[in-house]
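A look at the structure
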Amino acid sequence: MPTVSVKRDLLFQALGRTYTDEEFDELCFEFGLELDEITSEKEIISKEQGNVKAAGASDVVLYKIDVPANRYDLLCLEGLVRGLQVFKERIKAPVYKRVMPDGKIQKLIITEETAKIRPFAVAAVLRNIKFTKDRYDSFIELQEKLHQNICRKRALVAIGTHDLDTLSGPFTYTAKRPSDIKFKPLNKTKEYTACELMNIYKTDNHLKHYLHIIENKPLYPVIYDSNGVVLSMPPIINGDHSRITVNTRNIFIECTGTDFTKAKIVLDIIVTMFSEYCENQFTVEAAEVVFPNGKSSTFPELAYRKEMVRADLINKKVGIRETPENLAKLLTRMYLKSEVIGDGNQIEIEIPPTRADIIHACDIVEDAAIAYGYNNIQMTLPKTYTIANQFPLNKLTELLRYDMAAAGFTEVLTFALCSQEDIADKLGLDISATKAVHISNPKTAEFQVARTTLLPGLLKTIAANRKMPLPLKLFEISDIVIKDSNTDVGAKNYRHLCAVYYNKNPGFEIIHGLLDRIMQLLDVPPGEDKGGYVIKASEGPAFFPGRCAEIFARGQSVGKLGVLHPDVITKFELTMPCSSLEINIGPFL
């Protein structure tokens, strides 16, 4: 859930009254939010960087409020206050309007070069807006919250806001070679080419996380005005020429991205939240977007739509008995203007442009439940009774865990993600042969792929515990992940059991004895007859030549055991011989 930080005094001033911390906590709960923490800027810096760094920081009390991830309209002070005021029936939900300008409409022209990079763009104008320092800070913070949330860290949508009075329309959204793009970016003192900027921002703690979106593309997206001034290079940075300040009066907002629907939602949220500060409140000046095919549309859409829900459906799903009139009142408090129509059981709900989270009737039912109060819903016994059972695979896992411990082995739990080197290079394999599921944008080199074997995790655990007395006997029973094109998600989990023995001698006989004990517990007799098990000489890059065997049970290969190759031992920074066993326990269910 996103967390919104707001100044307590500013919040209470906007709400028109003060609350104790307990009272505001209760109000948040009633509205479906959670007051997560009461802190200050000084306290935050002190915790993160120490008291020395915190010296001189603000002591203003901050409320950190957890907001549902789909409530984009509550990600700033303005939306939060408006939502709470409507919920407490102190104000009516405002009506947002799109108006045409008195003069020439601002145009954003999209060229066909953007098609393979970020093909969509929308735009709007906030005219005659009045900022204060706090309003300006909230405006910038909302953009950042949207970037982290619905924009998926700018991969789907990137927001650009510009001082319209410093620019000259129409605007052109195109894509050019990095070497052909040159401008002065935000907070810099001179011009740079796009290539130079990408190198500079590799060390920027904030912007380096977005570089991967376009850095390997032959063309970079860029927006110019009619004089060739660069507004922005989405999704990385805006130009310094059109930067907005507290004194900015007219704002041109552009949202570019790979998801047209989300771009429209993001634009709607920004303009509805801050049109409150325009000279004509809650009105937004339209902008025209011309697409590569020559067609054009005006934005923002600010579309209102109607939904119909039966009162008895809401009562049934929530477990309450309220009249249609009361239910309509509850929904109106949740920013969903509602009225009873038709036969008296139908409720017509108007969905405003701020509530993009309302997709289905169940979303409306949920809001009715929140307004009614979850604590006010009477507890009832379910009409049907079911008896839960443990998944057979999990039950087998639990039974094996106890017996593995009884055999003298210590259980470990390792990460499900690991590096490519762990499952490939260190085990003498090529990464393409592992059928590993790769993480598209790994945070660290340690978590690049989902593990395809449990062995590296156990060996790394031994490496971290080399000072412990020998022998080290470890085991793990967990899932591994393998690519599988026959499944709907393209991958499949397998439950594996892996055990290792680490000592001055290889201890192959101990691992072999453990295998016999496991098969005895699984009621699988030795021999190929009657669904038994056998081991057959085999080879594997991770094992010492002539010291590897493949395990066959019930007519299929279920795993391998053997003495690990000295190269493998060395690559995991170990110095003693080691034997291992790894089997798939799924076939034994």
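Residues numbered from 1 in each chain as written. Predicted model: local features only at pLDDT ≥ 70, side-chain atom pairs only at ≥ 80, totals over all residues. Heavy atoms only, no water.

Where an unreviewed UniProt entry is consulted, the protein chain appears under the name Phenylalanine--tRNA ligase beta subunit, with the organism given as Rhinopithecus roxellana. Quoted verbatim from the Subcellular location (unreviewed entry) heading of the UniProt record, the comment on the protein chain is "Cytoplasm". (UniProt positions renumbered as here; feature names shortened; annotations may be inferred.)

**Focus: the nonpolar core**
Judged by nonpolar contacts, the single largest core of 96 residues is most densely connected at F24, I65, L146 and F274. Here the element with the most residues in this core is helix 8 (residues 260-274); it accounts for nine residues. The contact partners of L146, leaving out residues within four places of it in the chain, are Y72, L75, C151, I159, V266, I269 and I270. By size, the runner-up hydrophobic cluster in this structure holds 26 residues, among which are L515, I518, A549 and I583. (Core = buried A, V, L, I, M, F, W, Y, C linked by side-chain atoms within 4.5 Å. Buried < 20%, exposed > 50% of the residue type's maximum accessible area, 1.4 Å probe, protein only. Helix = DSSP H or I, 4+ residues; strand = E, 2+ residues; numbered from the N terminus. Contact = heavy atoms within 4.5 Å.)

**A look at the packing of helix 12 (residues 392-406) against helix 15 (residues 508-521)**
One way to put it is that helix 12 packs onto helix 15 with a least axis distance of 11 Å and a crossing angle of 140 degrees. As summarised for this structure, helix 12 and helix 15 are arranged oblique, according to the angle between their axes. The two elements helix 12 and helix 15 meet at a crossing, and its hand is right-handed. Contact residues: helix 12 offers L400, D403 and M404, while helix 15 offers L514, R517, I518 and L521. Here the contact of helix 12 with helix 15 is built from residues that sort into five nonpolar, no polar and two charged. (Axes fitted to C-alpha atoms, helices over the stretch in contact; angles between N-to-C directions. Parallel < 35°, antiparallel > 145°, perpendicular 65-115°, else oblique. Left-handed = near helix turned anticlockwise from the far one by under 90°. Nonpolar A, V, L, I, M, F, W, Y, C, P; charged D, E, K, R; others polar.)

**What about the pattern of salt bridges?**
One pass over the full model with this rule turns up 27 salt bridges. Between E307 and R305 there is a salt bridge, and its shortest N-O distance comes to 3.1 Å. Taking the shortest distance from any N to any O, the salt bridge between R310 and D312 comes out at 3.6 Å. Given the relative accessible area of 35%, R310 is considered partly exposed. Here D312 falls in the partly exposed class, since its relative accessible area comes to 40%. Counted as one network, the salt bridges with shared partners bring together D422, K426, E446 and K460. (Salt bridge = Lys/Arg side-chain N within 4 Å of Asp/Glu carboxyl O.)

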